[in-house]
Amino acid sequence: LEEGEYILGGTVIIENGGELTIPAGTTIKATKGFSSYILVAQGGKLYANGTSSQPVTFTSGEATKKAGDWGGIILNGKAPISGAGAANAEINNAYKYGGSDRADNSGALTYVNILYAGARNTADIEHNGLTLNGVGNGTKIQNVYVLESADDAIEFFGGTVNVTNLLA
């Protein structure tokens, strides 16, 4: 992508071997609903390359924004989780996470704002602002701000990722 403003009109899945790079200063506005989210499958990579003066912002596209407007960001890595081997992602069971690669790399999120996420499908199936499923320590997550997420601002399901400067 080039810096600017984009509409997330549904589900974006970054498949194994795929990469999406979002430059500093970019804003992604999601349409309202449970199906508006970004999922990084095992082997995919998301690079949201914000800076302190030009963060990458993911937000609701609604005129009046509120918690739960859209789904959020999900990273599915290959790092260890508790239990046996791999698990199915809560949001989309076709995508697994977990494994044995402690240094797995799902990309980098630096200076990122995630606003008004956490859409709900049922009482038991709901998005978070940022979901880290078995994410490895080859992934860089620094300076992330999560505001008004309807479910958890951030949720870790196993993994070995190191996160610095998270504000929720």
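Our subject is the structure that appears above.
Chemist: Got a minute to help me understand unusual backbone geometry in this structure?
Modeler: In most cases, non-glycine residues show a negative phi, while peptide bonds are predominantly trans. Positive phi outside glycine occurs at Tyr-111, with the angle close to 50 degrees. As for its placement among the helices and strands, Tyr-111 is situated in strand β11 (residues 107-115). In this structure Tyr-111 comes out as partly exposed when scored by relative accessible area, which is 32%. The phi angle at Asn-143 is positive, at roughly 60 degrees, despite the residue not being glycine. Following the sequence through the fold, Asn-143 ends up in strand β13 (residues 140-147).

Chemist: What is the right way to read the sheet that holds strand β8 (residues 72-76) from this model?
Modeler: Sheets are built from strands that pair by backbone hydrogen bonding, the pairs being arranged parallel or antiparallel. The parallel open sheet is built from 5 strands, whose spatial order is β2-β5-β8-β12-β14. This sheet does not close on itself; its edge strands, each paired only once, are β2 (11-14) and β14 (154-157). Taking the axes of each pair of neighbouring strands and ignoring which way they run, one obtains an average angle of 10 degrees across the sheet. The pairing of strand β12 (residues 130-133) with β14 spans 4 bridges and is classified as parallel. Bridge pairing in β14 places Leu-132 opposite Phe-156.

Chemist: When you look at the nonpolar core in this model, what are you seeing that I'm missing?
Modeler: As a rule of thumb, nonpolar side chains are buried together in soluble globular proteins. If you look at the biggest cluster of nonpolar residues, it comprises 26 residues, and the most contacted ones within it are Phe-58 and Ile-114. The contacts of Phe-58, once residues within four sequence positions are left out, are Ile-22, Ile-28, Ile-38, Ala-48, Trp-70, Ile-73, Val-112, Asn-113, Ile-114 and Leu-115. Tyr-37, Ala-41, Ile-74 and Tyr-95 belong to the second largest nonpolar core, which has 8 residues in total.

Chemist: Looking at this model, I keep getting lost on the pairing of β8. Mind explaining?
Modeler: Put simply, side chains in a regular strand alternate between the two faces of the sheet. Burial analysis of β8 places 5 of its 5 residues in the buried class, the great majority of the element. Examined bridge by bridge, strand β5 (residues 37-40) and β8 share 4 bridges and lie parallel to one another. Opposite Ile-38, over in β8, you have Ile-73 as the bridge partner. Where β8 lies against β12, 4 bridges are found, and the strand directions are parallel. Bridging across to β12, Leu-75 finds its partner in Leu-132.

Conventions and cut-offs
Residues numbered from 1 in each chain as written. Predicted model: local features only at pLDDT ≥ 70, side-chain atom pairs only at ≥ 80, totals over all residues. Heavy atoms only, no water. Helix = DSSP H or I, 4+ residues; strand = E, 2+ residues; numbered from the N terminus. Buried < 20%, exposed > 50% of the residue type's maximum accessible area, 1.4 Å probe, protein only. Pairing = 2+ DSSP bridges. Axes fitted to C-alpha atoms, helices over the stretch in contact; angles between N-to-C directions. Core = buried A, V, L, I, M, F, W, Y, C linked by side-chain atoms within 4.5 Å. Contact = heavy atoms within 4.5 Å.

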